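Residues per chain are reported as follows:
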Amino acid sequence: MTATDTRATASPDSPVRKPERTPRHIMSFSSKLSRWDLKVSPYLYISPFFILFVIVGLFPIAYTAVISLQEWDLVRNTGTFVGLDQYIWILSQEQFWVALRNTFSIFILSSVPQLILALFIAAMLDRNIRAKTFWRMSVLLPFVMAPVAVALIFSNLFGDNHGLVNTFLTDIGLPAIGWHKDPFWSHIAIATMVNFRWTGYNALILLAAMQAVPRDYYEAAMLDGANAFRQFWSITLPSLRPTLIFVIITSTIGGLQIFDEPRMYDQNGNGGADQQWLTITLYLYKIGWGEFNFGRAAALAWILFLIIMLIGLINLAITRRLVRDDGGRGVVRPRRRKKGASQ
Amino acid sequence: MSAISTPPLAIVEENLPNDGRRRRNARTTRIRGTRPGFWVYMGLAVVVVSAIFPYYWSFLIGSGDASTLNDPNMSWIPGGNFIANAITVVNNPAVNFWPALWNSIFSSTVIAASVVVFSTLAGWAFAKLRFRGAKGLLVFVVATLAVPTQLGVVPLYILFADLGWTGQIGAIIVPALTSAFGVFWMTQYLSQTVPDELIEAARVDGASMLRTFWTVGVVAARPAAAMLFLFTFVNAWNQFFWPFIVLDRQSPTLPVALSLLQSNYFVDYSIVLAGVLLATIPLLILFAFAGKQLVSGIMAGAVKG
């Protein structure tokens, strides 16, 4: 009923219909004005966003592609076309492949444990606990701290010589770990920073999805004699799939661009003496603002952009399959209903 | 005409989707029955301790002196030097603490306000007005959520260098003035919150589009706008990559200032960590007042997103 009303207003012939309904209020001139208002207003409302967004958000990404095909001259502030040379240069650098390896390694080490932990925390928060708000806020506390600040604290905790972690390890009789020497351990340390900041945040997102699961399912499962673990495994987890994929995609986009934490992991910010924790964005910074080679930096930015898109598309394919598998259960169903109602 | 603003308010609030959900939860948690046992609280306590620990650690070290960290018998009780260390940070000429604080406050506020305004306008149009191309444009916005706009740094830098904006606070504000996420968020919220009858009623009463937006849309959008503001503010405050590239030492933001602190006082962690805490205090204050809204904002975004 309501939907048809508004849609009628929107359709091109509606201004004719509208005055019919309330003829006494509207004179000819104001009717014209109102008609114009109806047609033009939506575009006026969206244009500030779109104009700015295209200029400062999307145009730079596209223009990065143009610059990446050039040898950029900083003095004249123009470039000369060199084809794909910059891409070839990047791909032939050993540092690029090291950075790619490090980026993926840190990404996996941060996203997988983070997701599992976030699931557990969300499951605990989803119970009928006392002082809900207190627990939820506490879990979000790390999110408030800037990544730079987190990195400074953790690079101190993971100090090779007097760091708290190594002191603890040696106290219980284990050998100290070269957190700033060994690539793998440096990745662990950096992944810990990421996990510290984002686990609680993702737990809240998953908690919200858990609460959207119709509770009748649990009731039915309980009647069937399913225990808490079984309920979590067979009801909660399948219903969470779309949200899980959403969390995975957002953490992919962010995680593959990681810069703040590796940059602040030591004093020099070059990704370690042997590039142990050099990431792609850190490498981009080194090329762009260390060597001031904008052509190469742009090529690297586009390579990273393509990698992120590729991973994103893979995720999307998985999402589609999982959502279809899921049929109309759990979170999926209310979402579809919403979609239908709003359009 | 002023009568319009009151009745819609009531209708809007009645139609809040959260209301029903909350009621259902209240009922269903009872169905799920018992309060959880000791181990759930234990687990949560561990989580909370690890969330607080880095804060505590930076206070512990930041309130000691240069030798605290190397002391094998280091006390777990904070020393009395925090204020002194904080003053050292503030007075460090290389860090430019006060300009940094001002820049952070100013840029984050402007960015958050502008994102809220543009997103509310566009979100209102997408959610409640029908126009040609609406669907396609909305799909476009959602698709760009996946585009890491951070990667446009090279042309942005060239552009701002050309304009002479490098080192200026405007260089970090302008690229962040809009957010695809914000538009998506407001669209979702408004399309679920405002019933179409309300707009129709306002139109029938002769309200212009602008007046309808102002009296119905803006009023309904307020809770979502507050959450979007908070979220954007925190994100803008914590940005590092782009400000680090485009700003210089004389006029940094707080995260950039922190990075300068490390290269200056590498050895003395009591100063570095005092600075870390000092730079985090403004957001902690914000969190104390608005943390609850931030939590519900993130959760609301999740269900809809």
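Here the structure is a predicted model, which is why all the values come from computation and not from measurement. (Residues numbered from 1 in each chain as written. Chains lettered and ligands numbered in written order. Predicted model: local features only at pLDDT ≥ 70, side-chain atom pairs only at ≥ 80, totals over all residues. Heavy atoms only, no water.)

K.L.:
What exactly am I supposed to notice about the overall build of chain A here?
P.N.:
A count of helices and strands for chain A gives 15 helices and two strands. Within chain A, buried positions represent 53% of all 343 residues. A separation of at least 24 residues holds for 67% of the contacts in chain A among residues at least 6 apart in sequence. Counting every atom, chain A has about 16,100 Å² of accessible surface; 65% of that belongs to carbon and sulfur. (Helix = DSSP H or I, 4+ residues; strand = E, 2+ residues; numbered from the N terminus. Buried < 20%, exposed > 50% of the residue type's maximum accessible area, 1.4 Å probe, protein only. Contact = heavy atoms within 4.5 Å. Areas by Shrake-Rupley, 256 points an atom, 1.4 Å probe, with all protein chains shown as cover.)

K.L.:
Even after reading the chapter, I still don't get the interface of chain B and chain A, so can you show me in this structure?
P.N.:
For an interface, size is often stated in terms of accessible area lost upon the parts coming together. Taken together, the contact pairs 108 residues of chain B with 105 residues of chain A. Carbon and sulfur atoms make up 73% of the surface buried where chain B meets chain A, a total of about 10,400 Å² over both sides. The interface formed by chain B and chain A holds zero salt bridges in total. The interface formed by chain B and chain A includes eight residue pairs in polar contact (both at pLDDT 80 or more). Of all the elements, helix H14 (residues 269-304) of chain B adds the most residues to the side of chain B that touches chain A, at 16 residues. (Buried area = accessible area lost by both parts, 1.4 Å probe. Salt bridge = Lys/Arg side-chain N within 4 Å of Asp/Glu carboxyl O. Polar contact = N/O pair within 3.5 Å; in protein donor to acceptor, adjacent residues only side chain to side chain.)

K.L.:
Looking at this model, I keep getting lost on the packing of aromatic side chains. Mind explaining?
P.N.:
Overall, the coordinates contain 49 aromatic pairs over all chains when judged by the stated rule. Pairing Phe154 of chain A with Phe196 of chain A gives two aromatic rings, centres 5.3 Å apart and planes at 45 degrees, and the pair type is tilted. In this pair, Phe154 of chain A sits in helix H7 (residues 147-157) while Phe196 of chain A sits in helix H9 (residues 183-211), placing the two residues 42 residues apart along the sequence. Residue classification places Phe154 of chain A among the buried positions, given a relative accessible area of 6%. On the numbers, 5.3 Å between centres and 85 degrees between planes, the contact of Trp289 of chain A with Tyr157 of chain B is edge-to-face. You can see Trp289 of chain A sitting in helix H13 (residues 280-290) and its partner Tyr157 of chain B sitting in helix H7 (residues 153-163), one on each of two chains. Both residues of the pair, Trp289 of chain A and Tyr157 of chain B, belong to the buried class. Cluster of aromatic residues (ring-pair linked, three or more members): Phe259, Tyr285, Trp289, Phe292 and Phe294 of chain A together with Tyr157, Phe240, Phe241 and Phe244 of chain B. (Phe/Tyr/Trp six-rings, centres within 6.5 Å; stacked < 30°, edge-to-face > 60°.)

K.L.:
Can you walk me through the pattern of salt bridges in this structure?
P.N.:
Any two side chains of opposite charge can pair, given that their charged atoms come close. All names here are of chain A. What the rule picks out here adds up to four salt bridges over all chains. Of the charged contacts in the structure, one is a salt bridge between Asp73 and Arg76, with a shortest N-O distance of 3.2 Å. Judged by relative accessible area, which is 55%, Arg76 ranks as exposed. Two residues, Arg215 and Asp126, come together in a salt bridge whose shortest N-O distance is 3.3 Å. Here Asp126 lies in helix H5 (residues 94-126) and Arg215 lies in helix H10 (residues 215-223), a separation of 89 residues in the sequence. A residue is classified by how much of its surface remains accessible, and Arg215, at 4% relative accessible area, is buried.

K.L.:
Can you walk me through the environment of Asp268 of chain B in this structure?
P.N.:
All names here are of chain B. As for its position among the elements, Asp268 is in the loop between helix H13 (254-264) and H14. In sequence terms Asp268 and Pro223 are 45 residues apart; their C-alpha atoms lie 45 Å from each other. There is a polar contact of 2.5 Å between the side chain of Asp268 and the side chain of Ser270.

K.L.:
Hey, could you run me through the nonpolar core in this one?
P.N.:
A general tendency of soluble globular proteins is for nonpolar side chains to be buried together. Core analysis: the largest hydrophobic core is formed by 197 residues, its most contacted members being Leu125, Leu140 and Trp289 of chain A together with Trp57, Trp124, Val154 and Trp242 of chain B. Residue contributions to this core peak at 17 residues, all from H14 of chain B. (Core = buried A, V, L, I, M, F, W, Y, C linked by side-chain atoms within 4.5 Å.)

K.L.:
Is there a simple way to think about the packing of helix H6 (residues 134-144) of chain B against helix H9 (residues 180-193) of chain B in this case?
P.N.:
To characterise two packed helices, one gives the angle between the axes of the helices and the distance between these axes. Residue and element names in this part refer to chain B. Packing of H6 against H9 leaves a shortest axis separation of 8 Å and a crossing angle of 130 degrees. As far as their axial angle goes, H9 and H6 are oblique. Seen along the crossing, H6 lies across H9 with a hand that is left-handed. Of H9, the residues touching H6 (which contributes Leu138, Val141, Val142 and Thr144) are Ala180, Val183, Phe184 and Thr187. (Axes fitted to C-alpha atoms, helices over the stretch in contact; angles between N-to-C directions. Parallel < 35°, antiparallel > 145°, perpendicular 65-115°, else oblique. Left-handed = near helix turned anticlockwise from the far one by under 90°.)

K.L.:
Just checking my understanding: could you explain the pairing of strand S2 (residues 78-81) of chain A for this structure?
P.N.:
Looking along a regular strand, one sees side chains alternate from face to face of the sheet. Residue and element names in this part refer to chain A. Both strand S1 (residues 70-73) and S2 contribute to a ladder of four bridges, which runs antiparallel. The residue of S2 that forms the bridge with Asp73 is Thr78. Connecting S1 to the next strand, S2, in antiparallel fashion are four residues, including Asn77 with a positive phi near 60 degrees. (Pairing = 2+ DSSP bridges.)

K.L.:
Quick question: what am I supposed to make of unusual backbone geometry here?
P.N.:
Most peptide bonds are trans, and most residues other than glycine sit at a negative phi. All names here are of chain A. Not every positive phi belongs to a glycine, and Gln275 is a case in point at roughly 55 degrees. The residue Gln275 is located in the loop between helix H12 (260-263) and H13 in this model. Positive phi outside glycine occurs at Phe292, with the angle close to 50 degrees. Assignment of secondary structure puts Phe292 in the loop between H13 and helix H14 (294-326). The exposure class of Phe292 is partly exposed, given its relative accessible area of 36%.

K.L.:
Got a minute to help me understand the environment of Val48 of chain B in this structure?
P.N.:
Locating Val48 of chain B in the fold gives a position in helix H3 (residues 38-62). When its relative accessible area of 8% is taken as the criterion, Val48 of chain B is described as buried. With 10 residues separating them in the primary sequence, Val48 of chain B and Ser58 of chain B have C-alpha atoms 16 Å apart. With sequence-adjacent residues up to four places away left out, Val48 of chain B is seen in contact with Trp135 and Ser138 of chain A.

K.L.:
What am I meant to see in the confidence of the model for chain A here?
P.N.:
Do not read the predicted coordinates in detail wherever pLDDT is low. Residues and elements named next belong to chain A. For chain A, mean pLDDT is 83; residues scoring 70 or higher make up 85% of the total. Averaged over each element, pLDDT in chain A is lowest for helix H15 (residues 332-342) (38) and highest for H13 (95). This stretch, residues 1-19, has a pLDDT under 50; its non-local contacts, to residues over four places away or in other chains, come to 21 contacts. The model gives residues 326-343 a pLDDT under 50, and that stretch makes 32 contacts with residues more than four places away or in other chains. (pLDDT = per-residue confidence, 0-100.)

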